[in-house]
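# Descriptive structure summary
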Amino acid sequence: MGARPRRRRAPAAAAAAAAPGPLGALLAAALLAAAGAQQSATVANPVSGASPDLLPHFQLEPEDVYIVKNKAVSLACRATPATQIYFKCNGEWVHQGDHVTQHSTDHGTGLPVMEVRIEVTRQQVEKIFGLEEYWCQCVAWSSSGTTKSQKAFVRIAYLRKNFEQEPTAREVSIEQGIVLPCRPPEGIPPAEVEWLRNEELVDPALDANVYVTPEHSLVLRQARLADTANYTCVAKNIVARRRSASAAITVYVNGGWSTWTQWSGCSTSCGRGWQKRSRTCTNPTPLNGGAFCEGQNVQKTACTTLCPVDGAWSEWSKWSVCGAECTHWRSRECSEPAPRNGGRDCHGPELDTRNCTSELCSHAASGAEDVALYVGLVAVAVCLVLLLLVGVLVYCRKKGGLDADVADSSILTAGFQPVSIKPSKADNPSLLTIQPDLSTATMTYQGSLCPRQDGPAKLQLPNGHLLSPLGAGRHTLHHSSPAAEGADFVARLSTQSYFRSLPRGTTNMAYGTFNFLGGRLMIPNTGISLLIPPDAIPRGKIYEVYLTLHKQEEVRLPLAGCQTLLSPIVSCGPPGVLLTRPAILAMGHCVEASAENWSIRLKKQSCEGTWEDVLQLGAEPCTELYYCQLEAQACYVFTEQLGRFALVGESLSMAASKRLKLVLFAPAACPSLEYNIRVYCLSDTQDVLKEVIQLEKQLGGQLIGAPRVLHFKDSYHNLRLSIHDMPSSLWKSKLLASYQEIPFYHIWSGLQPFLHCTFTLERLSPSTCELACKIWVWQVEGDGQSFTVNFNIAKDTRFSDWLVPDSEVGAPALVGPSAFKIPFLIRQKIISSLDPPGTRGADWRTLAQKLNLDSHLSFFASKPSPTAMILNLWEARHFPNGNLSQLAAAMAEVGKQDGALFAVSEAEC
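This report concerns the structure included in the present document. (Residues numbered from 1 in each chain as written. Predicted model: local features only at pLDDT ≥ 70, side-chain atom pairs only at ≥ 80, totals over all residues. Heavy atoms only, no water.)

### A short note on empty space enclosed by the protein
- Summed over the entire model, instances satisfying the criterion amount to 6 cavities of 30 Å³ or more.
- Approximately 130 Å³ is the volume attributed to the largest cavity.
- For the lining of the largest cavity, the secondary-structure elements that each account for two or more residues are β33 (543-550) and α6 (686-699).
- The element that contributes the greatest number of residues to the lining of the largest cavity is α6, accounting for 3 residues.
- Of the residues assigned to the lining of the largest cavity, the class counts are 6 nonpolar, 3 polar and 4 charged. (1 Å grid on protein atoms, 1.4 Å probe; cavity = no way out; pocket = protein on both sides within 12 Å on 5 of 7 lines; lining within 4 Å. Points joined across faces, edges and corners; volume = space filled by probe spheres on them. Helix = DSSP H or I, 4+ residues; strand = E, 2+ residues; numbered from the N terminus. Nonpolar A, V, L, I, M, F, W, Y, C, P; charged D, E, K, R; others polar.)

### Concerning the side chain of H99
- With respect to the helices, strands and loops of the structure, H99 is situated in the loop between β6 (92-93) and β7 (100-105).
- Overall, H99 belongs to the buried group, its relative accessible area being 11%.
- Polar contacts involving the side chain of H99 include one to the main-chain amide nitrogen of F87, which spans 2.9 Å.
- In this structure the side chain of H99 is engaged in a polar contact, spanning 2.9 Å, whose partner is the backbone oxygen of H95. (Buried < 20%, exposed > 50% of the residue type's maximum accessible area, 1.4 Å probe, protein only. Polar contact = N/O pair within 3.5 Å; in protein donor to acceptor, adjacent residues only side chain to side chain.)

### Things to note about the pairing of strand β10 (residues 145-148)
- Residue alternation in β10 divides its side chains into two sets, G145 and T147 and T146 and K148, and both sets are buried.
- Across 4 bridges, strand β9 (residues 134-142) lies against β10 in antiparallel orientation. Bridge pairing in β10 links A140 to T147.
- Here β9 folds back onto β10 in antiparallel fashion, the turn holding 2 residues. (Pairing = 2+ DSSP bridges.)

### Examining a negative patch on the surface
- Where like charges cluster on the molecular surface, the negative patch consists of E315, E333, E336 and E350.
- Within the secondary structure, E350 is located in the loop between β24 (327-331) and β25 (351-355). (Patch = residues over 30% accessible without salt bridge, like charges linked within 9 Å, V, L, I, M, F, W, Y side chains within 5 Å. Areas by Shrake-Rupley, 256 points an atom, 1.4 Å probe, with all protein chains shown as cover. Salt bridge = Lys/Arg side-chain N within 4 Å of Asp/Glu carboxyl O. Lys, Arg positive; Asp, Glu negative; His and termini not counted. Charge placed at Lys NZ, Arg CZ, Asp CG, Glu CD.)

### Overview of the state of the cysteines
- Enumeration over the complete set of coordinates arrives at 8 disulfides.
- Disulfide pairing places C77 opposite C138 at an S-S distance of 2.0 Å. In this structure the cystine formed by C77 and C138 twists about its S-S bond by roughly -85°; its chirality is therefore left-handed. Placement of the pair is C77 in strand β4 (residues 73-80) and C138 in strand β9, with a sequence separation of 61 residues.
- Each sulfur in the disulfide pair C322 and C356 lies 1.5 Å from the other. Of this pair, C322 sits in the loop between β23 (298-305) and β24 while C356 sits in the loop between β25 and α4 (367-408); the two residues are 34 residues apart in sequence, bridging distant segments of the chain.
- Taking relative accessible area as the criterion, C322 reaches 36% and is therefore assigned partly exposed.
- Looking at C628, it has no disulfide partner, and the nearest cysteine sulfur is the one in C635, 4.6 Å off.
- With no disulfide of its own, C670 has C769 as its nearest cysteine by sulfur position, at a separation of 8.3 Å.
- Given the relative accessible area of 19%, C670 is considered buried. (Disulfide = S-S within 2.5 Å.)

Laid out in structure tokens, this is it:
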């Protein structure tokens, strides 16, 4: 808060100045002289040389401080030029004797500088404890007036001894997830939490397997043997450092069998024997008390080995006829018996040859004939090789010619010919053609407003002077851009196909490029969208607009007192663009709104990073730049300046309530005996539910019950959760207390989006798959809900329909007419007909009344086209599932139907 200079006038002098005639003037002069004398008496030794035309400017303002134990704290402020500086604490002036004053001179300006300090003790703060916060403020005087500094709050720092929840010892199987909860003691300032593993600091930045949740729970994604240790939660602030009881985490490994070895050889080489194979419990070896492998480590089986049979020759065959070489031969076989089962082969020759003429034959030399034979064979082989080579060359040449022909054909280039968009068929007058001619200075729309196709969904609009019949000719919207801008417009839109989305690697962001036709950005499955109406962007301009959903841990939104965040934090930009019509930002909220229970404000972050109240709902707006339509579950923000927005509420009574969404998740697969049920307590907005679903998908969770809504009141009472009616013969709960509890402030602030409690159950038998129990969630002395859980943990998926599939995302950016339900030309006709005041009240005011928007008449009237504002809000509220028939019925009731009706199909819009 900056300094607020102001000039003050003595009340008595002001009253005297109001008296009529010379008497009033004399009284005023006397009282002013008296006031001056009193001031000079009050100001001790005013510094000479102070400029009479300057208000005091604070060089140092008091800052928020904490009182630690019984040590007094010092507050200081320094201002120039100043004749007096005093502290005011909780509306009362601090005694002059408690001030320590120092005088100096600013070397740069030569102006006098005064610095004042006071000390605040613990006893002073405790006097008003419980009534309000203790604060102090500096007030500086000069001859020109006074200046107040920012308020500095003095709080007594403390840190209670007992943790609200401590981690407990656990034994977990390797690769199983571990969650160690820790809720630190209550303290001011809130305690910071760190984790120790065997007295060494756990740093998630150095270990990707470890992270700490916003609720200070330590999560090990997959337990490793190295994670076996003693874990301690440490909470500390400026007062003290507290340690929780250490929780021993034992990561055990159940033993697993190795693969079987090969069967050994049979114990006997001939006849009946046995053989065996073995395995070991080393895959993995049981560790840290893990179960040993079940079953046998050796298997034996009977075997029969056939005895070997050696081969023996059969009888010799008879001698063959004597041949040309004067020899004959005989043979035998090793078949009586043949060798088998490893027996030896027969020894000796298989063929016996003898001379059959008693050596009387003589053999002629045949060396020359053999050489001729060999030469002929070589010649034949060479010829065959040459023929083969010739055949290969001919084949390759034919194939090369075929490739050349194909390369020259149009078959290969047909896919690269320019694609032309076919125009509308002339014989089908029912098509509404909006093809902008971007190369000229006008944009032309050709076609008639008739149904695009026959169908049951038709919008009956009245004809006449409200909507006079539009001919089938050309309807021109003038475009004021010069030729150069038109060429650039064509160049940019030619790559967009009139629809453009620029994904930047995140599901919480949407981009689009827009011109004067407007469009829409949506972040799928969050209920967040940005509507850019037609003509909101000046003609001739093209803006690339973005829409971003921020995670609450990324953006620091300061909340004071009973304030609470009611909506997501959303940015749209770029912030400095010029809009001639308000854009509409739609986002969900979780407030049960009522004027007597809530003070709701729209906050916007400035360029300097500070959050400012730009609108208070229900009060007269201080500027026409912002307006908000608050409905049951969503709000629609009209804004002519893009930026970062959030909806913040401050409760006015204990009856003020927020909606919480209660969601139950459990593992989709349960390989161990332990089973965890996670109960999430979320703000009832679509974006938070989407984030939790994505988180559970990463953790392998599944929904096990239909979500419920709970109304959480500003009663300072905590939220409690308990589990009941679980069959003790099948399951047991590891919860030591009868219930778990989430502190009130964790929920009410709205800054911790994924609050949840975990119920750890244990099956008494691995075959148990049916789980039946009840889970109760209730606020102490407030609303409550109960879940009846009855399902099969191994195969039950009946609640999967509640989860939003990733495929239901739609187009994040819609540009031009496709982004609107109402056709452009019909919209223009409605605006031109209803903006002028009607003779019988049949104008935009009646339309607002028919659409239940008559509470916003003053805002609509402040705009150049009230009808356009009404239609823009209707588009934002009803896209993409809006019913044009309802709008047509409201138009018919306006009272300006005096002609025939014509139909426009909903498909055309």
